[in-house]
Amino acid sequence: LILDSKKREGRMTTRSEWSRILIVEDHPGRLETLVTLLCEEGYYVVGAPTIAEALECAKCEKFAVAVINMQLPDASATQLLHLLQEMNDRIRVIMNTTGLAQEAEIGSTFTYLEKAAPPSEWLGHIRRAFLDQITRYTQELETALTERTPPPEEQEERYRQLVDHIKEVFWVSSPDQSQVLYV
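Residues numbered from 1 in each chain as written. Predicted model: local features only at pLDDT ≥ 70, side-chain atom pairs only at ≥ 80, totals over all residues. Heavy atoms only, no water.

Draft legend 1. Region of the structure containing a nonpolar patch on the surface. On the surface, a nonpolar cluster with roughly 280 Å² of combined accessible area is contributed by F170, V172 and L181. Structurally, V172 is set in strand β7 (residues 171–173). The exposure class of V172 is partly exposed, given its relative accessible area of 41%. (Patch = residues over 30% accessible without salt bridge, like charges linked within 9 Å, V, L, I, M, F, W, Y side chains within 5 Å. Areas by Shrake-Rupley, 256 points an atom, 1.4 Å probe, with all protein chains shown as cover. Salt bridge = Lys/Arg side-chain N within 4 Å of Asp/Glu carboxyl O. Helix = DSSP H or I, 4+ residues; strand = E, 2+ residues; numbered from the N terminus. Buried < 20%, exposed > 50% of the residue type's maximum accessible area, 1.4 Å probe, protein only.)

Draft legend 2. Spotlight on the nonpolar core. Membership of the largest hydrophobic core comes to 23 residues, with the highest contact counts inside it found for L22, I68, L80, L84 and M95. Broken down by secondary-structure element, the contributors of at least two residues to this core are β2 (20–24), β3 (44–48), α2 (51–60), β4 (65–69), α3 (77–87) and β5 (92–97). Among the elements that take part in this core, α2 stands out by supplying 5 residues, more than any other. Contacts of L80, omitting those with residues within four sequence positions, involve V24, I51, A54, L55 and I68. Core analysis: the next-biggest nonpolar cluster, separate from the first, contains 20 residues, I21, I94, L123 and A129 among them. (Core = buried A, V, L, I, M, F, W, Y, C linked by side-chain atoms within 4.5 Å. Contact = heavy atoms within 4.5 Å.)

Draft legend 3. Structural detail: the packing of aromatic side chains. Enumeration over the complete set of coordinates arrives at 1 aromatic pair. If you follow R20 out to its NZ or CZ, it ends over the ring of Y44, 5.4 Å from the centre. (Phe/Tyr/Trp six-rings, centres within 6.5 Å; stacked < 30°, edge-to-face > 60°. Lys NZ or Arg CZ within 6 Å of the ring centre and 35° of its normal.)

Draft legend 4. Molecular detail of α3. Burial in α3 covers these residues: A77, L80, L81 and L84. All buried residues of α3 lie within an arc of 105° about the axis, which places them on one face of the element. Contacts from the buried residues of α3 go to β2, α2, β4 and β5. For α3, the N-terminal cap is S76; the gap from its side-chain oxygen to the backbone nitrogen of T78 is 3.0 Å. (Arc of directions from axis to C-beta. Polar contact = N/O pair within 3.5 Å; in protein donor to acceptor, adjacent residues only side chain to side chain.)

See below:
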C-alpha cells in the first residue's frame, strides 16, 4: 500500500520536487497520520511501508526530504539512506528513532527525530531540511553562475566592440519576451 497525497481530495496541489517528502514507516496507522499531517501543511507526500516500495517510489520521483523509520522489517534503514542518496545527492534524510542512542550509526543523516515528538517538532525539522536543501542548491547555482560569467572588464570590452562597430541598432524582443535581439 502506497499512500499518496495526490489522492486526498483537494487538500494539496502538486509542486516541484522541492516540496516532495517520502515517508518510510512500517506501522500503517503511523504512516497515514504522518502523510495526513504533512499533506495538510501543503507538502506532496508519498508514504511507503517497506524499503522495497520506498525505492520504487524514489526511482519514479525525486524527493527533497525522506523520513525513515530506523527499525524497518525488510532491510536496514542505513542501506535505504545510502541508496536514496546515490539516487539523489540533494535529498535530506530525517531518521525517525525511538531514542537518540542510534545517532552515531548514520553520519550522513540530516537529523534525527523521536517518534514521540509533537507535530510542531516534526514540521520544524522538515522545514529546516527543506531550507538546508534550498540553501545548498542556491550556493551551487551562485558558484556556477560566477564561473560562467565573464569579468566586468571583459563584458565592457564586448559591449564597446558592439557599440563602436554598429551605426544603427534596432532592438527586438521575441513574442514571449524570452529573448532580446538586435538588428
